[in-house]
Every structure is written in structure tokens, then in C-alpha cells.
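Chain by chain, the residues run as shown.
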Amino acid sequence: MGSQKSAPLQTSGAVWPEYVLKDLKLALRTLRKSPIFTLTAIVILALGIGANTAIFQLLDAVRLRSLPVMEPGQLASVQIQGGNQGFGINVGSGGTQLTYPLWEQIRRGQRGFSGIFAWAEGEFRLGEGLQERQARGLWIGGPMFATLGLTPLRGRFFSEQEDQPGCGTPGAVISYALWQSEFGGQDSAIGSNLMIQGRSTPVIGVTPASFFGLVVGNQFDFIVPFCSSTQSVPGSDVLTRKDYFWPSVLGRLKPGWTLQQASAQLQAISPGIFQATEPSAYSSAVLDQYRSFQLAAYPAGNGISSLRDAYDKSLYLLLGITGLVLLIACANLANLMLARAMTRTREMAVRLALGASRSRLVDQLLAEGLVLAAGGAILGTLVARIFSSALVRLLATTGRPLELDLSIDWRVLAFTSAMAIITCLVFSLAPAFRSSHVDPGIALKMGSRGTTSGREQFSFQRTLVVSQIAVSLVLMVGALLFVHSFLNLVSVDPGLRQKGIVITQVNLRRLHLPPERFEQVGQDVLAQIRSLPQVDSAATATIIPLTGNTWTLGVHIGNADDTSMFTWASPEYFTTMGIPLLSGRDFSPQDTVNSPRVAIVNETFVRRFFGGENPEGKVIRTKPEPNFPEAEYQIVGVTKDTKYSDLRQEIPPMSFAPASQYPAIGPWENVFIRSAAPTAVIIGAVREKLREFNPEIRADFHVLQNVVQDGMVRERMMAMLSGFFGVLAVLLATVGLYGIISYIVAMRKNEIGIRMALGASRRNVAGIVVKQTLQLVSLGIAAGVALSLVAAKGAGSLLFGLRPYDPLTLVVASVFLGIVALLASYLPALRASRLNPMQVLREE
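Predicted, not measured: the structure shown is a model, and the values here were computed from it. (Residues numbered from 1 in each chain as written. Predicted model: local features only at pLDDT ≥ 70, side-chain atom pairs only at ≥ 80, totals over all residues. Heavy atoms only, no water.)

Some thoughts on the overall build of the chain
Within the chain, the secondary structure is distributed over 24 helices and 23 strands. The burial tally for the chain puts 52% of its 844 residues in the buried class. Here the contacts in the chain between residues at least 6 apart in sequence split such that 82% fall between residues at least 24 apart. Surface accessibility of the chain: about 37,900 Å² in total, with carbon and sulfur atoms responsible for 58%. (Helix = DSSP H or I, 4+ residues; strand = E, 2+ residues; numbered from the N terminus. Buried < 20%, exposed > 50% of the residue type's maximum accessible area, 1.4 Å probe, protein only. Contact = heavy atoms within 4.5 Å. Areas by Shrake-Rupley, 256 points an atom, 1.4 Å probe, with all protein chains shown as cover.)

What about the confidence of the model for the chain?
Where the model shows low pLDDT, its predicted coordinates should not be examined in detail. Looking at the chain, pLDDT values average 84 and 88% of them are 70 or higher. Confidence, read as mean pLDDT per element, is least for helix H13 (residues 440-446) in the chain (52) and greatest for strand E18 (residues 598-602) (97). (pLDDT = per-residue confidence, 0-100.)

Points about the environment of Ile503
Relative to the elements of secondary structure, Ile503 occurs in strand E13 (residues 501-507). With 37 residues separating them along the chain, Ile503 and Thr540 place their C-alpha atoms 9.3 Å apart.

Thoughts on a positive patch on the surface
A contiguous patch of positive charge on the surface is contributed by Lys25, Arg29, Arg32 and Lys33. Among the secondary structure elements, Arg29 is positioned in helix H1 (residues 2-32). (Patch = residues over 30% accessible without salt bridge, like charges linked within 9 Å, V, L, I, M, F, W, Y side chains within 5 Å. Salt bridge = Lys/Arg side-chain N within 4 Å of Asp/Glu carboxyl O. Lys, Arg positive; Asp, Glu negative; His and termini not counted. Charge placed at Lys NZ, Arg CZ, Asp CG, Glu CD.)

Describing the packing of helix H14 (residues 459-490) against helix H23 (residues 807-833)
Packed helices, taken two at a time, are described by the angle their axes make and the gap between the axes. Where H14 meets H23, the closest approach of the two axes is 9 Å, and the angle between their N-to-C directions is 130°. On the basis of the axis angle, H14 is oblique to H23. Here H14 runs over H23; the crossing is right-handed. Along its contact with H14, which presents Ile469, Ser472, Leu473, Met476, Val477, Leu480 and Leu481, the element H23 presents Thr809, Leu810, Val812, Ala813, Ser814, Phe816 and Leu817. In terms of residue class, the contact of H14 with H23 is made up of eleven nonpolar, three polar and no charged. (Axes fitted to C-alpha atoms, helices over the stretch in contact; angles between N-to-C directions. Parallel < 35°, antiparallel > 145°, perpendicular 65-115°, else oblique. Left-handed = near helix turned anticlockwise from the far one by under 90°. Nonpolar A, V, L, I, M, F, W, Y, C, P; charged D, E, K, R; others polar.)

Examining the nonpolar core
Phe222 and Tyr573 are the most contacted members of the largest nonpolar core, which totals 99 residues. With residues up to four places along the chain from it excluded, the contact list for Tyr573 reads Ala539, Thr540, Ala541, Pro545, Ile579, Phe656 and Phe672. Counting 92 residues, the second-largest nonpolar core is a separate cluster that includes Val325, Leu402, Ala420 and Leu802. (Core = buried A, V, L, I, M, F, W, Y, C linked by side-chain atoms within 4.5 Å.)

With respect to the side chain of Gln79
Topologically, Gln79 is positioned in strand E1 (residues 75-80). Of note is the side chain of Gln79, whose polar atom sits 3.1 Å from the side chain of Ser77. (Polar contact = N/O pair within 3.5 Å; in protein donor to acceptor, adjacent residues only side chain to side chain.)

Description of the pairing of E13
By the criterion of burial, E13 is predominantly enclosed, with five of the seven residues buried. Looking at chain direction, E13 and strand E22 (residues 668-674) are connected through seven bridges and run antiparallel. Within the sheet, the bridge partner assigned to Val506 lies in E22 and is Glu669. Sheet analysis places E13 next to strand E23 (residues 698-703), joined by six bridges and oriented antiparallel. By the bridge assignment, Gln505 is partnered in E23 with Asp700. (Pairing = 2+ DSSP bridges.)

Re the packing of aromatic side chains
What the rule picks out here adds up to 35 aromatic pairs. Members of the aromatic cluster, each reached through a chain of ring pairs, are Tyr100, Phe124, Trp139, Phe222, Phe226, Tyr244 and Trp246. (Phe/Tyr/Trp six-rings, centres within 6.5 Å; stacked < 30°, edge-to-face > 60°.)

Considering the side chain of Ser722
Here Ser722 shows up in helix H20 (residues 713-747). Ser722 sits in the buried class, given a relative accessible area of 2%. Reaching out from Ser722, the side chain makes a polar contact with the backbone oxygen of Met718 at a distance of 2.4 Å. With residues up to four places along the chain from it excluded, the contact list for Ser722 reads Ile321, Gly478, Ala479, Phe482 and Met717.

Some details on a nonpolar patch on the surface
Together, Leu39, Val43, Leu47, Leu379 and Leu382 line one region of the surface with nonpolar side chains, adding up to about 430 Å² of accessible area. Within the secondary structure, Val43 sits in helix H2 (residues 35-64).

Structural notes on helix H17 (residues 603-610)
Of the positions making up H17, those classed as buried are Thr604, Phe605, Val606, Phe609 and Phe610. Buried residues in H17 make contact with strand E15 (552-557), strand E16 (560-569), E18, strand E19 (619-622), strand E20 (631-639) and strand E21 (654-658). Immediately downstream of H17, the backbone of Gly611 shows phi near 60°, a positive value.

Considering the pattern of salt bridges
In this structure the tally under the stated criterion is 19 salt bridges. For Arg510, the salt bridge is made with Glu696, and the minimal N-O distance between the two is 3.4 Å. Remark: Glu696 occurs in the loop between helix H18 (679-693) and E23 and Arg510 occurs in the loop between E13 and helix H15 (518-530); sequence separation between them is 186 residues. In this structure Arg510 comes out as partly exposed when scored by relative accessible area, which is 24%. Each of Asp646, Arg648, Arg714 and Glu715 takes part in a single network of salt bridges with overlapping partners.

Here's the deal with the packing of H15 against H18
One can describe the packing of H15 onto H18 by two numbers: an axis separation of 10 Å at closest approach and a directional angle of 135°. The angle between H15 and H18 places the two elements in the oblique class. The interaxial crossing formed by H15 with H18 has right-handed handedness. Note on element contacts: H18 touches H15 through Val686, Lys689, Leu690 and Phe693, opposite Asp524, Val525, Gln528 and Ile529. Along the lines of polarity and charge, the residues of the contact of H15 with H18 split into five nonpolar, one polar and two charged.

Structural notes on unusual backbone geometry
Positive phi is not limited to glycine here, since Glu71 has a value of about 40°. Along the chain, Glu71 falls in the loop between H2 and E1. Owing to a relative accessible area of 53%, Glu71 belongs among the exposed residues under this scheme. For Ala281, which is not glycine, the phi torsion reads 70° and is therefore positive. Along the chain, the position of Ala281 falls in the loop between helix H7 (259-276) and helix H8 (284-291).

Observations regarding the environment of Thr550
Secondary-structure assignment places Thr550 in the loop between strand E14 (537-541) and E15. A sequence separation of 96 residues divides Thr550 from Asp646, and the C-alpha atoms of the two residues are 9.7 Å apart. Apart from residues no more than four positions distant in its own chain, Thr550 is found in contact with Ile543, Met565, Tyr644 and Ser645.

Shown next as C-alpha cells:
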């Protein structure tokens, strides 16, 4: 008996793959006979699957992919809980930075990590003379390579003895990319020298090709130890300053330790650490805040990325949008396959009459759907590659390319495969089950006409069309909201001139000047730039507006204690930047380091501290900070409000003081140049003038208009992509509506012929078609409005100057979609009204 039971199972196991193979071969032959239908279906699926895969690839690269190091899940980042709340000087925007003195205390006091290191990104000058260029490097302290489990591809890494204060120039470890581009991948690179920051630095090793660094989206060129910073940047105090938040700290958890245990140990030693690193020159209230900070450990296996904070929600929202587009595409294909299945009713009836089971017919039709889905997935992978590359370029900013690994890993493959299987089931099941449940006797007697008599057979297609319209309205509303939001941001008046402003960041470090000479040489540089015939006006300022950079000082005015944004600017700054001076006077050459300190404030400052009264002659007292001792500034003027760090933020109280009275003057300055000359011309002229003045001066150039546009990358991306997908959704829905109305008209032509023979006018017939369209559209729009109100909740934080529940947007989207739908029904209605009733009845 056992052998008798096993035989059918073996036969079944052998036959099942054979059936699948036969179904797939038959599906290929069948689809090859309908090339237009097949190509249309594959292209529609490729667009939907490709768009979804591209967005998922970006999410995978930014959020899901682990660092290419040993056991990344054991890595943790040591940070201040809740961030440092704006304390001190913050370099970078990731929120993970600590000070170097904090890092030294953590290294000595921590117990939960088997290895721990500090690191920071830096911009360096690489090469010399005409070959000099900007390069991106990593500063490191501690056993980074051992902690990450990296081994050198060539040469060696830094030893523990080389990571000591005053290490000089122990060398540089270069990236695989730099090894290839600078040294052609030759072993002779080890021992060769690179000119870094004007110093000859020996190359001691090469990192593995897979290691891109610790910041997702960035690549590094070389790695140097923190202890060499005093050689690279003479006079720098970044390793001793207790308020300069620069390095990040990563560690590998000890075996048996969890993040919670490591955090608890860090919290236990936090009071002692923050007390030991307490900076001087701050007020007691500020120092109380500093001493209250707590350290904690956070997962770091996916690396550090500011892209997550900036684009995480946007990418998930875009994935939802592309998913809805794919849903509309599937509904279209389901309608196409239903229509195709009705034309194959006689074929299915013959198969059933000849003994085929209904399950075999379902299998066959599912096999056809699987072939289409597989074709769409394969072509969609190619579409995704193009689309994801375009997305990365869209997210990049001027002079700062985004470098993401968009290779297809197992997650992307699994996602694309799941998309293919789901789409196959979505658009294949209904046609398959409908075709398999045909009555062969009735179908063979009635032929093709037997499938055209009842209206209930169109109910499912109508439901699909209503769903398409509803989803299309959601996408159209989203597109209008994001486009409107972007236009709102673009149209914001920042209160200052953007066009025709070139910013020159001048670096005087290589002149090796004593600190007392910085101001005079800076003024000489400004005078040289002003002497150019192409320059209309020029001035300096410590802060470049609208870049996200800020400088805040505590102020005491009368009985009020608050804060104000501060910028130190030279005479002609307000003229150069087109900022109106509403009252009082501008800065003048007589405002020097030895003259009484003066300030010009904005309108918001006046409203906040003086209730709108004239503030001239009043005194601002600043609170002390390192390099910024307590000082008094007499207000001598008021300017019009301008945006400060960001177009999205409210205008803060702002104070401007003379550049000559800047208490922390250093070997650099930002020169703002207003010129009507082309950008390339003015930059070339300034370069040449600075070279003539002193060839050791280094300068970087930025166009303010480009800087402002770079700050709107997220809004621009959402407007462009949501607009594109919204239009695509409406187009697909329109095609679907046109298809189903045309098909219903074709299937009901006998009924229409009878109506016309009994006296119905052409207008009446057209009205029937339009009425049917209006019913579908009305249902779709009603459902779409309800869905839009629900979906809008998730978009509120991404909108600027606009509520997610914007009535005008809903009305415009609904009216537009209704008009498009009526246009889609025009041709079917016209075709129906022109039927010849006698000819139709003779065919019947």
C-alpha cells in the first residue's frame, strides 16, 4: 500500500513542472500573436515597476544598506541625547558631532566598546600650482580600521604610536579611487608623496575598494589623523576648544553588550565628562545647560547620513505615489485582459468542451499574466537604472555631486520580484476566473454575440475605472500641492538681491600673517576687487545668507534677555546686497576696532525688543562666549527684514556690526560682489586680480542664486516627480476610461441600433454614453476626494505656505479630471451616434 500511495505523488511531482513549462510556452505563443497588446502591456508595467524600483533603490542606498565593514550591526554612534541644542560652534548638520576634548574623555571612560574611534569630514587642498584642487578627506583618531575590521589593500594603516598629539605629518591612507586616478593602481604609490594643504605627505596605505567612508552619499580621497591638524592648519585650536563640535564617535559593542547597556554606562559617566570638558567664557546659565547633557549610544551600522533627515519622508511618500501609479497601470491591464478574455470566450468554451478543467484554464491565463509581468519587470529594471541615476543628479547640489551605490542587491531584487508577482496577480486573476467560468454550451450556441447581451458583465470593469479615477485624483491633488508649495518657496522675497551676486571666499592662511595683520590685508583684498571695472560694488560679511549657516549671540536689552542672529559686515554691504536702510546710517570707514561699537538691526529686532519704537541710540549688550567677550553695541540704523539662514524659516531678530569690530577675525573673509558681467567673466577677473596681488591667496567662488536654488532641492524634487506621476496617472486613467467606454459601446451596438430604429436621435444616443461616463467620473471623483483628505495628512510637513487640505486644489483637480474624462468619452459617444441602425440589425 505504501508504494501505491507514493506513485501518484511522484507522478504529480513530475507532471507539475511539465504543466508549468507547457503553460509558459503556450502563453508565449499566444502573446506573440497579439504583438500590440503584448508590447503595450509590457511597456505600461515597465513604467510602473521601474518607477517603484528606482525609488526603492534610493531608499535602499540611503537607509537600508549597511556599511561595507565587518559585522556592521555591532557598530554604535556615541551622541548627546537630543543634540547639543545649538550650543557652541557646530560643524556639519548631522547632529552627531562632539568636541575633541569630549572624545578624549569618552575614550578613557567608556566600558561598552571593544574598539572606539573619532572621525570627521574635511575639505582639503590637494596638489599644488595649477594642479591644485579641492579634495575630501577624513580626519580620524583612535583605531578606526581595526574597529571596522578593514585590512589595507596595499601598504599599511596608522599605528597607535602615530596617533599621538604633535604627530606632525605621519602620512595619509588614500582611497581606492584616488589610488587609481592619481597613481594608476601601481604599487609604487606606497611611499610616494601627495601635496595636502601645501605639505608633502607620504602615502602609507590604500583602503579596500568597497570602503567609501562613513557618510552615505559621500566619498573620501584620503585619511589623515587628527593629531596632524596642527601641521595642516597652523594655529588651529580645534583639538583643544571645548565648544567646537566637530568629530563624531563610533564604536563596536563588546560581545554580550547591548545598545541599552552601553547607553546606561555612558549616562553614568556623563556628569563627570561634561564637568571635565566645561568650556570657559560662557554665562553660568549656558554652562548649566552644558553640564546637563547626557551621552547615549545609537545604531550606526547603516553609516551617517544627512540625506535621511532631509529626504526620508519624501522618498517614502514618492514610493507610495509610484505604487499608486502601478496600481492604475494594473487596473488598465486588467481591463485590457478582460476585454481580450471576452473575445476569447469561444476559445475557452471549446477547451472546456474538449475536457480541459477550469483550473487548467486559470493556470493558462495566469501564465500569460506571469509572462507579461516578467517582461515588465525585466524592462522595468532598465527603466529603474535610468530613473534612479536621474534622481541622484536631481538631489545633487552645485559643485557637490551625490555618490550613492545604486547597484542591485538582494533587497532590490526581492522588491522587483515581489512587484512582478503582485502585478501578475492583480491584473490576471479577474480575467482568468471570468473566462474559466463560461458555460461552454451557451457560449458555443451564441458564438461571440453571446457575450454581449448583459450589462452586469461590465460591472467589474466599471469598478476598475472608478478606482483609477479616484487614485488619479489623489495623485493629481498631490502634484498640485507640491507644485504650489515649490512655487510658494520660489516666490518668497528674501529681502535681498540674489541675481548678479558672486561670493568669493578668500583664504589668507598661506600668507602666514600674524593675527593683527588679518584685518588690514582683508581690506586690501577688498579694495583690489573693488578696483575691477566689472565690479559694481563689493563688501564683506561673516555669514553667507540663505545657506543654513547661523551665528547667534545672547543679548541683554533693558530688562529683556533673548538672542539675536549676528553678522559683521563692511561698508557698502547693504548697497551690494540690495537691502534697504530704513533709518539711521550705514557703516563707514570711521567705524574701526578702536571706535565705539555700533550696530544696525532689522525690523523684527525693533518689534521684538522695542515694540516698534525708534531704537537709534539704544544699547545692545551681548553675552560672553569664547572669542566673543561681553560687549556693548549702540544702534545706529534699521534695515528692512531679510531672510537669514533659510527661505522657509521666519525672519529672526538680526543685528549687523562693522566687520572691523569682529572679535574673532581670522585669515579668511567672504566677499560679496555685485556685477552685471557674466559669472565666468567676473570670476576670471577676480582670480587674476588676486593672483597679481598675492599668488598665495586662495579663493573659492559661489553664485548666490545657485546657493539659494540648492536649498530648494527637496521641494523641486517633489514638485517635478509628483507632477510627472500625476500627469502619468491622469493619462493612464484617461486611456482606461476611453477603453472601457469604447468597449461598452462596441458590445452594446445592437442595443443602440434598436434604440435608433425605434426613434432615438443621435443626440440621445450620445447623451447615453456621456451620462454613463459622468456616472463613473462622479463616483471616482467622490472617492478620490475622500482618499485625498486622508492621504494629505502625510504631506503636511513637506508643504510650504500651503495647507494640505486646500479646497482650491481639490476643486481644480476634480474639475480638470472631469473635463479630461469627458473628452475621453467624446470619440466613443460620437462613434455610437453615427451607427447605422439598419446595418447593425442586419448583422444581428
